Amino acid sequence: MTIKSTIDSLDTLVRLRSTKVEKLQADMAAQHATKARYQANLARLDSLASGSGASGALPLALALNCGQYKLAVIALADNHRTDLSLHEATMAVSQRALNDAWSERELLGQVLEQKKGVAALAQNRVDRKREDDLATQSWLAGRK
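What counts and how
Residues numbered from 1 in each chain as written. Predicted model: local features only at pLDDT ≥ 70, side-chain atom pairs only at ≥ 80, totals over all residues. Heavy atoms only, no water. Helix = DSSP H or I, 4+ residues; strand = E, 2+ residues; numbered from the N terminus. Rg over C-alpha atoms; globule rule 2.2 N^0.38 Å. Buried < 20%, exposed > 50% of the residue type's maximum accessible area, 1.4 Å probe, protein only. Lys, Arg positive; Asp, Glu negative; His and termini not counted. Charge placed at Lys NZ, Arg CZ, Asp CG, Glu CD. Axes fitted to C-alpha atoms, helices over the stretch in contact; angles between N-to-C directions. Parallel < 35°, antiparallel > 145°, perpendicular 65-115°, else oblique. Left-handed = near helix turned anticlockwise from the far one by under 90°. Nonpolar A, V, L, I, M, F, W, Y, C, P; charged D, E, K, R; others polar. Expected span 1.5 Å × (residues − 1). Core = buried A, V, L, I, M, F, W, Y, C linked by side-chain atoms within 4.5 Å. Contact = heavy atoms within 4.5 Å.

**With respect to the overall build of the protein chain**
On a plain count of helices and strands, the protein chain comes out with two helices and zero strands. Radius of gyration (C-alpha) of the protein chain: 33 Å, far over the 15 Å computed for a compact globule of 144 residues. Along the first, second and third principal axes, the C-alpha set of the protein chain runs to 125 × 25 × 15 Å. Out of the 144 residues belonging to the protein chain, those deemed buried represent 20%. Mean positive and mean negative side-chain charge positions of the protein chain (20 and 16 charges, respectively) differ by 4 Å.

**What to know about the environment of Gln114**
Of note, Gln114 is situated in helix H2 (residues 60-143). In this structure the C-alpha to C-alpha distance between Gln114 and Ile7, which are 107 residues apart in sequence, comes to 9.6 Å.

**Topic: the packing of helix H1 (residues 3-51) against H2**
Running from N to C, H1 and H2 cross one another at 165 degrees; their axes reach a closest spacing of 7 Å. As the angle between them shows, H1 and H2 are arranged roughly antiparallel. Of the two possible hands of crossing, H1 and H2 adopt the one that is left-handed. Grouping the amino acids of the contact of H1 with H2 by side-chain chemistry returns 28 nonpolar, 14 polar and 14 charged.

**Description of H1**
In a regular helix each residue adds 1.5 Å, so 49 residues correspond to 72 Å; H1 covers 71 Å between its end C-alpha atoms and thus fits that length. Where H1 ends, the next residue or the one after it, Gly53, has phi of about 85 degrees, a positive value.

**Describing the nonpolar core**
Ranked by size, the top nonpolar core spans seven residues in total: Tyr38, Leu42, Leu45, Ala49, Val73, Ala77 and Leu84. Residue assignment for this core shows that the elements contributing at least two residues are H1 and H2. Considering every element that reaches this core, the biggest residue donor is H1, with four residues. When sequence neighbours within four positions are dropped, the list of residues in contact with Leu42 reads Ala77, His80, Arg81 and Leu84. Val21, Met91, Leu98 and Ala101 belong to the second-largest nonpolar core, a separate cluster that totals six residues.

**Things to note about the environment of Ala49**
Its place among the elements puts Ala49 in helix H1. Judged by relative accessible area, which is 15%, Ala49 ranks as buried. Note: C-alpha distance between Ala49 and Ala77 (28 residues apart in sequence) is 9.3 Å. When residues no more than four places from it in sequence are discounted, the contact partners of Ala49 are Lys70, Val73 and Ile74.

**Here's the deal with the environment of Ile74**
Relative to the helices and strands, Ile74 resides in helix H2. On a C-alpha basis, the gap between Ile74 and Ala49 in space is 6.7 Å, while along the polypeptide they are 25 residues apart.

As C-alpha coordinates, this is what we get:
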(Lines give C-alpha, C1' and ligand atoms only; values in the text may rest on other atoms or scores of the structure.)
Protein backbone atom coordinates (compact mmCIF):
# COMPACT_ATOMS: atom_id res chain seq x y z
CA MET A 1 0.00 0.00 0.00
CA THR A 2 1.53 3.31 -1.03
CA ILE A 3 1.71 6.28 1.27
CA LYS A 4 -0.77 8.15 -0.96
CA SER A 5 -3.38 5.41 -0.68
CA THR A 6 -2.75 5.19 3.07
CA ILE A 7 -3.32 8.93 3.39
CA ASP A 8 -6.46 8.74 1.26
CA SER A 9 -7.81 5.87 3.36
CA LEU A 10 -7.05 7.68 6.60
CA ASP A 11 -8.64 10.85 5.26
CA THR A 12 -11.80 8.89 4.43
CA LEU A 13 -11.82 7.35 7.90
CA VAL A 14 -11.42 10.76 9.54
CA ARG A 15 -14.32 12.15 7.49
CA LEU A 16 -16.50 9.15 8.41
CA ARG A 17 -15.64 9.51 12.09
CA SER A 18 -16.39 13.23 11.88
CA THR A 19 -19.81 12.41 10.45
CA LYS A 20 -20.40 9.94 13.28
CA VAL A 21 -19.37 12.54 15.87
CA GLU A 22 -21.71 15.12 14.32
CA LYS A 23 -24.55 12.61 14.37
CA LEU A 24 -23.89 11.79 18.02
CA GLN A 25 -23.70 15.50 18.86
CA ALA A 26 -27.07 16.08 17.21
CA ASP A 27 -28.48 13.14 19.18
CA MET A 28 -27.11 14.61 22.41
CA ALA A 29 -28.67 17.98 21.60
CA ALA A 30 -32.04 16.29 21.08
CA GLN A 31 -31.62 14.43 24.37
CA HIS A 32 -30.80 17.68 26.18
CA ALA A 33 -33.98 19.22 24.74
CA THR A 34 -36.00 16.22 25.95
CA LYS A 35 -34.44 16.55 29.41
CA ALA A 36 -35.38 20.23 29.49
CA ARG A 37 -38.99 19.32 28.58
CA TYR A 38 -39.10 16.74 31.39
CA GLN A 39 -37.79 19.32 33.86
CA ALA A 40 -40.30 21.95 32.69
CA ASN A 41 -43.14 19.44 32.97
CA LEU A 42 -42.04 18.48 36.48
CA ALA A 43 -41.99 22.13 37.51
CA ARG A 44 -45.52 22.59 36.14
CA LEU A 45 -46.77 19.44 37.87
CA ASP A 46 -45.25 20.54 41.19
CA SER A 47 -46.89 23.92 40.71
CA LEU A 48 -50.25 22.26 40.01
CA ALA A 49 -49.97 20.05 43.08
CA SER A 50 -49.05 22.92 45.40
CA GLY A 51 -51.46 25.35 43.75
CA SER A 52 -54.56 23.27 44.37
CA GLY A 53 -54.64 24.44 47.98
CA ALA A 54 -55.37 22.65 51.20
CA SER A 55 -58.03 20.00 50.84
CA GLY A 56 -58.92 19.82 54.56
CA ALA A 57 -60.69 23.19 54.57
CA LEU A 58 -63.19 22.14 51.89
CA PRO A 59 -66.49 20.29 52.18
CA LEU A 60 -66.14 16.51 52.17
CA ALA A 61 -66.92 15.86 48.48
CA LEU A 62 -64.66 18.68 47.33
CA ALA A 63 -61.92 17.63 49.75
CA LEU A 64 -62.05 14.08 48.38
CA ASN A 65 -61.94 15.35 44.80
CA CYS A 66 -59.05 17.73 45.58
CA GLY A 67 -57.15 14.97 47.37
CA GLN A 68 -57.57 12.57 44.43
CA TYR A 69 -56.45 15.33 42.05
CA LYS A 70 -53.32 15.96 44.13
CA LEU A 71 -52.56 12.23 44.29
CA ALA A 72 -52.95 11.91 40.51
CA VAL A 73 -50.68 14.91 39.89
CA ILE A 74 -48.10 13.63 42.39
CA ALA A 75 -48.19 10.15 40.81
CA LEU A 76 -47.74 11.66 37.36
CA ALA A 77 -44.82 13.74 38.66
CA ASP A 78 -43.24 10.61 40.16
CA ASN A 79 -43.59 8.83 36.82
CA HIS A 80 -41.97 11.81 35.12
CA ARG A 81 -39.10 11.77 37.64
CA THR A 82 -38.56 8.07 36.96
CA ASP A 83 -38.64 8.67 33.20
CA LEU A 84 -36.24 11.59 33.62
CA SER A 85 -33.76 9.49 35.59
CA LEU A 86 -33.91 6.76 32.93
CA HIS A 87 -33.43 9.40 30.25
CA GLU A 88 -30.42 10.82 32.11
CA ALA A 89 -28.91 7.32 32.26
CA THR A 90 -29.41 7.02 28.50
CA MET A 91 -27.79 10.42 28.08
CA ALA A 92 -24.76 9.25 30.07
CA VAL A 93 -24.35 6.26 27.77
CA SER A 94 -24.72 8.50 24.73
CA GLN A 95 -22.17 10.94 26.14
CA ARG A 96 -19.66 8.11 26.61
CA ALA A 97 -20.27 6.99 23.01
CA LEU A 98 -19.75 10.58 21.83
CA ASN A 99 -16.53 10.88 23.84
CA ASP A 100 -15.25 7.58 22.42
CA ALA A 101 -16.10 8.60 18.85
CA TRP A 102 -14.47 12.01 19.33
CA SER A 103 -11.31 10.40 20.75
CA GLU A 104 -11.17 7.94 17.87
CA ARG A 105 -11.57 10.74 15.33
CA GLU A 106 -8.84 12.79 16.99
CA LEU A 107 -6.48 9.81 17.10
CA LEU A 108 -7.09 9.06 13.43
CA GLY A 109 -6.59 12.76 12.66
CA GLN A 110 -3.22 12.69 14.40
CA VAL A 111 -2.17 9.56 12.51
CA LEU A 112 -3.29 11.22 9.26
CA GLU A 113 -1.22 14.33 10.01
CA GLN A 114 1.76 12.16 10.88
CA LYS A 115 1.45 10.26 7.57
CA LYS A 116 1.09 13.55 5.69
CA GLY A 117 4.28 14.76 7.36
CA VAL A 118 6.12 11.58 6.37
CA ALA A 119 4.86 11.95 2.79
CA ALA A 120 5.89 15.61 2.65
CA LEU A 121 9.34 14.75 3.98
CA ALA A 122 9.73 11.99 1.39
CA GLN A 123 8.59 14.37 -1.37
CA ASN A 124 11.07 17.00 -0.17
CA ARG A 125 13.85 14.42 -0.36
CA VAL A 126 12.84 13.51 -3.93
CA ASP A 127 12.70 17.19 -4.91
CA ARG A 128 16.11 17.90 -3.38
CA LYS A 129 17.61 14.86 -5.12
CA ARG A 130 16.19 16.01 -8.46
CA GLU A 131 17.55 19.53 -7.92
CA ASP A 132 20.96 18.12 -6.96
CA ASP A 133 20.99 15.91 -10.06
CA LEU A 134 20.07 18.88 -12.27
CA ALA A 135 22.77 21.00 -10.64
CA THR A 136 25.31 18.22 -11.14
CA GLN A 137 24.33 17.81 -14.78
CA SER A 138 24.51 21.56 -15.30
CA TRP A 139 27.93 21.75 -13.69
CA LEU A 140 29.21 18.82 -15.75
CA ALA A 141 27.85 20.40 -18.95
CA GLY A 142 29.67 23.64 -18.08
CA ARG A 143 32.99 21.83 -17.68
CA LYS A 144 32.98 20.38 -21.20
